[in-house]
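# Structural description and commentary
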Amino acid sequence: MPSTFAHEFKTPTFKAKVAFRTGLFINGQFVNGSDNTTIDSNGKVITSVSEGTAKDVDLAVEAANEAFDTTWGRHAPGTQHSILMSKLAALMEKNADELAALEALDNGKTFNWARNADVAGSIDCICYYAGWANKVTDQVQEITEDKLTYTRHEPIGVVCHTLTLRFAVLMMAWKLGPALACGNTVVLKPSEFTPLTAIRMCHLVNEASFPPGVVNVLSGYGNTIEKVACTGSTLVGHKIMEAAAKSNLKNITLELGGKSPNIMFDNVDIEQAANWAAFSIFWNHGQTCCAGSRIFVQEGIHDKFLKRFMEKTRSLKVGDPFAPDTFQGPQVSEIQFNICSGNTLATHIMSYIVSGKAVGAKVEIGGERLGSEGFIRPTIFTNVDPSMKIVQEEIFGPVGVVIKFKDEEDMIKQANDTNLNRAINTAPRLKVGTAWINCINSLHSNVPFGGFKQSGIAMPVGPSLTLYLALYLMMKRTRTKMISLP
């Protein structure tokens, strides 16, 4: 019998007793992993979670294939997909505070942000794709009078999703929404660091009366799957592409890391610019793929901007994620936080900070641990050059670099190396998948979101059969010669 997570929240923002089973979710049931092992924690233990193995993956894929061939896919109309997805969204709304509390406990992000951004966005996403589920249409094409040609959009089959640690419930919604709306079944692996909300969502999937096997969730470290969608690091994306090429040329969608430029021209409102810059890099403790971690500031306002940016950064409260005035909680895990000891952890947050100091970058603020637990002071580097790791590589933590530039050509060159009209003219010249002007981290379910180059392949959300939904469908063409009967 799988273990049960039981926790009493006694916080200023959420008070409740929560309890649910934490087994693998296969074919509508919570079960132990085949080897009866659990995921190890590298920090404070919250609960034990069953570990899935290769045997469990086979069982989950088998269950997903059976559901696809009998109770889902083309065997359930789009209206039924829509009804069940709407039920799931309603249950998420009913349990929104609990889901947010689990995100804060498991991830370290603040409860208020988890409730108002992650969970709210997840509900919106499921509702949005529920609306698309009965609008996947086919087309008849007249070629000649004696031939009938039509195309059908058919679900792919079993879709495998892997989730990142940073937005567990939101990424789950981004993956489930289009896959289920198009009639696919799902095998999903949450991050081993943040599995609780995914497991709790499985209880809601059952409560919404999805057929067994339509959604399967395997927690852990690592039959036939026709599509893989991954939100994670660029390194993981490379490995998935390699594996897909070596197997059955799986259809893949990748939403990967980033090193986003945040550009301040000399005619900006410095107060607003500093506020948005702080929000861009320090929100969600810097653990977001679209963090504006390279802050380009035109030389005419550089000193004034830096002064106000540092003042704003000092004002951000770092601490208990359940405290209503906390802006930045702890990093998600000790591994993500840690300084390297040898080569094993050479790409984690404190290691990057040490690296920046070693090559001559100046720490204007932060650059150190706060307290004895997993908190890092919001960090700003200056005096950097493009060759430094802290400028080139995604840190995935509360660490930003401020880079002075002379004019637009200088900035474009630097930004592309990894007034409103001025910004609008600049955006198309940036090799990025998403550009925000006078705002940051502004997302919506019906607007495509994603990156260029090594930040990913395809957009994780977006409207219409011509964009994201098309990634979860196969187009079948049928041509018939009309025969005249005697």
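Everything discussed here concerns the structure shown above.
Note that the structure is a prediction, hence the values are computed from the model and not measured.

## A look at the environment of V318
You can see V318 is positioned in the loop between α9 (302–315) and α10 (334–337). Assessed through its relative accessible area of 18%, V318 is described here as buried. With residues near it in sequence (within four places) discarded, V318 still touches Q328, L370, F375, I376 and P378.

## Examining the packing of helix α3 (residues 96–107) against helix α6 (residues 196–207)
Where α3 meets α6, the axes come as close as 9 Å, and the angle between the chain directions of the two elements is 155°. Between α3 and α6, the crossing angle belongs to the class labelled roughly antiparallel. Here E98, L99, L102, E103 and D106 of α3 come into contact with α6, specifically with L196, T197, R200, M201 and L204. Split into classes, the residues belonging to the contact of α3 with α6 amount to five nonpolar, one polar and four charged.

## Notes on the nonpolar core
Formed by 82 residues in total, the largest nonpolar core has its most connected members in L180, F210, F305 and F309. Looking at which element gives the most residues to this core, the answer is helix α5 (residues 168–181), with 10 residues. Excluding residues within four positions of it along the chain, L180 makes contact with W72, H81, M85, V186, F210, V214 and V215. Core analysis: the second largest hydrophobic core is formed by 21 residues, I263, V391, F405 and L430 among them.

## Looking at the environment of T326
With respect to the helices and strands, T326 occurs in the loop between α9 and α10. T326 gets classed as buried once you look at its relative accessible area, which sits at 6%. Engagement of the side chain of T326 in a polar contact is seen with the backbone oxygen of D320, the distance being 2.8 Å.

## Looking at a negative patch on the surface
Taken together, the side chains of D58, E62, E66 and D69 present a region of like negative charge at the surface. Structurally, E66 can be placed in helix α1 (residues 54–70).

## Describing the side chain of K189
Considering the arrangement of structural elements, one finds K189 in strand β8 (residues 185–189). Looking at K189, its side chain comes within polar contact range of the side chain of E192, at 3.3 Å.

## Digging into the state of the cysteines
Tallied over the entire structure, the rule returns zero disulfides. With no disulfide of its own, C125 lies 9.3 Å from the sulfur of C127, the closest cysteine sulfur. A relative accessible area of 42% means that C127 is categorised as partly exposed.

## Observations concerning unusual backbone geometry
Even without glycine at this site, N27 takes up a positive phi of about 55°. Relative to the elements of secondary structure, N27 occurs in the loop between β3 (24–26) and β4 (29–31). Of note in this structure, N383 is not a glycine but carries a positive phi near 55°. Within the secondary structure, N383 sits in the loop between β17 (379–382) and α12 (389–392).

Rules used in this analysis
Position labels on residues start from 1 in each chain and follow its written sequence. Since the coordinates come from a predicted model, pLDDT governs what is reported: local features require at least 70, and pairs of side-chain atoms require 80 or more to be given and counted, while whole-chain, interface and lining totals use all residues. To obtain the side-chain values, all non-hydrogen atoms of the structure were used and water was disregarded. Under the DSSP-based scheme used, a helix requires at least four consecutive residues in state H or I and a strand at least two consecutive residues in state E, with every element numbered from the N terminus. Exposed residues in this analysis have more than 50% of their type's maximum accessible area, buried residues have under 20%, and partly exposed residues fall in between, with area computed by a 1.4 Å probe over protein chains only. The contact rule is simple, with two residues in contact once any of their heavy atoms fall within 4.5 Å. Interaxial angles span 0 to 180 degrees and are taken between N-to-C directions of axes, which are lines fitted to C-alpha atoms, for helices over the stretch in contact. If an angle is under 35 degrees, it is roughly parallel; if it is over 145, roughly antiparallel; if it lies from 65 to 115, roughly perpendicular; otherwise it is oblique. Each residue gets one of three labels, nonpolar for Ala, Val, Leu, Ile, Met, Phe, Trp, Tyr, Cys and Pro, charged for Asp, Glu, Lys and Arg, and polar for the others, Gly among them. As used here, the term nonpolar core means buried Ala, Val, Leu, Ile, Met, Phe, Trp, Tyr and Cys residues forming a set that is joined through side-chain atoms within 4.5 Å. Two N or O atoms count as a polar contact when they lie within 3.5 Å, although within protein this holds only if one can serve as hydrogen donor and the other as acceptor, and sequence-adjacent residues are included solely when both atoms are side-chain atoms. Only residues whose relative accessible area exceeds 30% and that take part in no salt bridge are eligible for patches, with like-charged residues grouped when within 9 Å of each other and nonpolar side chains (Val, Leu, Ile, Met, Phe, Trp, Tyr) grouped when within 5 Å. Residue burial considers only the protein chains on display, and all accessible areas are found by Shrake-Rupley using a 1.4 Å probe. Salt bridge criterion: a side-chain nitrogen from Lys or Arg within 4 Å of a carboxyl oxygen from Asp or Glu. For this count, His and the chain ends are skipped, Lys and Arg are scored as positive, and Asp and Glu as negative. Here the site of a charge means NZ on Lys, CZ on Arg, CG on Asp, or CD on Glu. To count as a disulfide, a pair of cysteine sulfur atoms needs to be within 2.5 Å.

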